[in-house]
Amino acid sequence: MTIDRKCLINWVGGKRLLRKTIAPLIPEDIKSYIEPFGGGAWVLFYKDRWADLEIYNDLDGRLANLFRIVKYHPNAFKEEYKYLLGSREMFLQFLNGTFITDIQKAVQFYFLITRSFGGRGETFGTVKRSSGGASKSQRNVMDKIDAIHNRLDKVLIENRDFEKLIKQYDFEDAFFYCDPPYSKGCGYEVTSTENFDHERLREVLGNIQGRFLLSYDDSPKIRELYKGFEMIEVERLNGINNKQGTSRENKIFKELLIANYPIKERHHAG
Ligand SMILES: C[S@@+](CC[C@H](N)C(=O)[O-])C[C@H]1O[C@@H](n2cnc3c(N)ncnc32)[C@H](O)[C@@H]1O
C-alpha cells in the first residue's frame, strides 16, 4: 500500500499540481529553505530535505498549530483522531469550534479540512466514487501523520507575518519559496484577496540578500510589479473547475513563476 506522504492537507491555492515544475527551479547551493506562506506546504514536502535549515511559516494560527502538534505530539494527535467518525453531525459540531486543548484544535481543524469540499473546511464533502472526502481511510491518516511527523523533525515552524519572517531569516545563502494569496481569486482566513498588500511583498523581496522564487496568478498587475525580474509562464488545470463539460479555457489557469536569479535556463533544461 502506498501512502501519499507528500502532503498533510489539501489547502486552497496549494501547489500540488505545480510542485513538479517548481522543484527543479530551486537552487541546490542554499543553506536555508523558507516558506513564508506555508499553507499545505506541498513544495516543502516534495523533497526529503531542501537545506540544513528549513522553515515553515503561515500567519494562520490554525495551520501553525496543526504543524506543531504533528511535529511534537503525533501520538496524542492520533489518539484523539481515532475516535472521530466520518459523519456530517461531527463536521457540523466542529464547525462551531468546541475544542479545549491545542491537540483538539489541531485534530478538529484537520478533520474539517480533510472532510470538506475543496479543502475549504466549510461544507461537508461527499463523494460518489472515490474513497476521499468523508469516506477517508482512518488507517491511512495514521500512517500519514507518522510520515509527516518524521519529515518535520528538523523543520522550524513559525506563525508570523511574511515581512517580519523574511527580514529575520534573510542572508545571502537563504532561499525563500513564496506562494502568497493571488491578486485575484479566493482569500484566506487571515487576509481577503482585496486586503493582501502585494506592494509590501514586492518591496520586501526587492531588498533581500538571499534568493526568492515566487508563484502568482498571471495578471497585468503582477507583471508590472515584478518588471525586470525573470518570469516563466506556466499553465495548470484548475482543480475546482475541472468538471466534464467545462471548456478547456475555463479549465486552464495561467500562473507566473518569478525569481531574482536565473530560472529560464533551468526550466527549459528540466
Ligand atoms: C497560496 S497559500 C499557500 C499554499 C501553499 N504553497 C501550499 O502548497 O499549500 C497562501 C498562504 O498565505 C497565508 N498568508 C496570508 N497572508 C499572510 C501574511 N501576511 N503572512 C504570512 N502568511 C500569510 C495564508 O494563510 C495561506 O495559507
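In the block above lies the structure referred to throughout.
In this text, all values refer to a predicted model and were calculated from it rather than measured experimentally.

Asks: Describe the overall build of the protein, with residues and values.
Replies: Along the backbone of the protein there are twelve helices and seven strands. Taking contacts inside the protein between residues at least 6 apart in sequence as the whole, the part at least 24 apart equals 68%.

Asks: Lay out the environment of Asp217 in plain terms, naming residues and giving numbers.
Replies: Relative to the helices and strands, Asp217 is located in strand 5 (residues 211–217). Of the residues examined, Asp217 has 16 C-beta atoms within 10 Å and is grouped as partly exposed. The spacing of Asp217 and Glu233 is 16 residues in sequence and 9.5 Å in space, taken between C-alpha atoms. Contact partners of Asp217, with chain neighbours within four places excluded, come to Tyr182, Ser183, Lys184, Gly185, Ile222 and Glu255.

Asks: How would you summarise unusual backbone geometry if you had to cite specific residues and measurements?
Replies: Phi is positive for Ala41, which is not a glycine, with a value near 55 degrees. Its place among the elements puts Ala41 in the loop between strand 1 (32–35) and helix 2 (42–46). By C-beta crowding, Ala41 is classed as buried, having 29 other C-beta atoms within 10 Å.

Asks: With reference to specific residues and values, describe the packing of helix 4 (residues 74–81) against helix 6 (residues 102–114).
Replies: Viewed as axis vectors pointing N to C, helix 4 and helix 6 meet at an angle of 60 degrees, and their least axial separation amounts to 9 Å. Judged by the angle between their axes, helix 4 and helix 6 are oblique. Crossing hand, helix 4 versus helix 6: right-handed. Between helix 4 and helix 6, the residues in contact are Ala76, Phe77, Glu80 and Tyr81 and Ile103, Gln104, Ala106 and Val107, respectively. Split into classes, the residues belonging to the contact of helix 4 with helix 6 amount to six nonpolar, one polar and one charged.

Asks: Give me the sheet that holds strand 7 (residues 252–259): which residues, what numbers.
Replies: Across the sheet, seven strands lie side by side as 3-2-1-4-5-7-6; this open sheet has mixed pairing. Looking along the sheet, the strands with just one partner apiece sit at the ends: strand 3 (155–158) and strand 6 (230–237). Put simply, the sheet's adjacent strands are angled 20 degrees from each other on average, direction ignored. Direction of pairing for strand 1 relative to strand 4 (residues 174–178): parallel, over a ladder of three bridges. Bridged to Ser32 within strand 4 is Ala174.

Asks: Describe in detail the site of the ligand, supporting the description with residues and values.
Replies: In the vicinity of the ligand lie 22 residues, with Gly13, Gly14, Phe37, Gly39 and Gly40 positioned nearest. Per-class residue counts for the shell around the ligand are twelve nonpolar, five polar and five charged.

Asks: Give me the lowdown on the nonpolar core, citing residues and values where you can.
Replies: Core analysis: the biggest nonpolar cluster contains 59 residues, and Leu66, Val70, Tyr110, Phe176, Leu213 and Leu214 have the highest contact counts within it. It is helix 6 that provides the largest number of residues to this core, a total of seven residues. Here this core gathers at least three residues from each of two domains, domain 1 (10–60 + 159–270) and domain 2 (71–156).

Asks: Report on helix 9 (residues 198–206), specifying residues and quantitative values.
Replies: Helical periodicity: at 3.6 residues per turn, an α-helix aligns residues three or four positions apart in one direction. All of the buried residues in helix 9 are Leu201, Val204 and Leu205. On an axial view of helix 9, the arc spanned by its buried residues comes to 95 degrees, and they lie on one face. Residues of helix 9 that are exposed and point over 90 degrees away from its buried face: Glu199 and Glu203. Each element contacted by the buried residues of helix 9 is listed here: helix 8 (162–169) and strand 5.

Asks: Account for the packing of helix 4 against helix 7 (residues 138–151), naming residues and giving values.
Replies: Where helix 4 contacts helix 7, the axes come no closer than 10 Å and their chain directions differ by 165 degrees. One way to sum up the angle between helix 4 and helix 7 is to call them roughly antiparallel. Considering only the axes of helix 4 and helix 7, their crossing is right-handed. Contacts between helix 4 and helix 7 involve Pro74, Phe77, Lys78 and Tyr81 from the former and Val141, Met142, Ile145, Asp146 and His149 from the latter.

Asks: Residues and numbers for the environment of Leu92, please.
Replies: The topology assignment puts Leu92 in helix 5 (residues 88–95). Taking the C-alpha atoms as reference, Leu92 lies 8.6 Å from Thr123; in sequence the two are 31 residues apart.

Asks: Pulling in residues and values, what's your account of the environment of Lys164?
Replies: Along the chain, Lys164 turns up in helix 8. Classification of Lys164 as partly exposed rests on a count of 14 C-beta atoms within 10 Å.

What counts as what
Residues numbered from 1 in each chain as written. Predicted model: local features only at pLDDT ≥ 70, side-chain atom pairs only at ≥ 80, totals over all residues. Helix = DSSP H or I, 4+ residues; strand = E, 2+ residues; numbered from the N terminus. Contact = placed C-beta atoms within 7 Å. Buried ≥ 20, exposed ≤ 12 C-beta atoms within 10 Å, placed from the backbone. Axes fitted to C-alpha atoms, helices over the stretch in contact; angles between N-to-C directions. Parallel < 35°, antiparallel > 145°, perpendicular 65-115°, else oblique. Left-handed = near helix turned anticlockwise from the far one by under 90°. Nonpolar A, V, L, I, M, F, W, Y, C, P; charged D, E, K, R; others polar. Pairing = 2+ DSSP bridges. Near = placed C-beta within 6 Å. Core = buried A, V, L, I, M, F, W, Y, C linked by C-beta atoms within 7 Å. Domains from an automatic or database assignment. Arc of directions from axis to C-beta.

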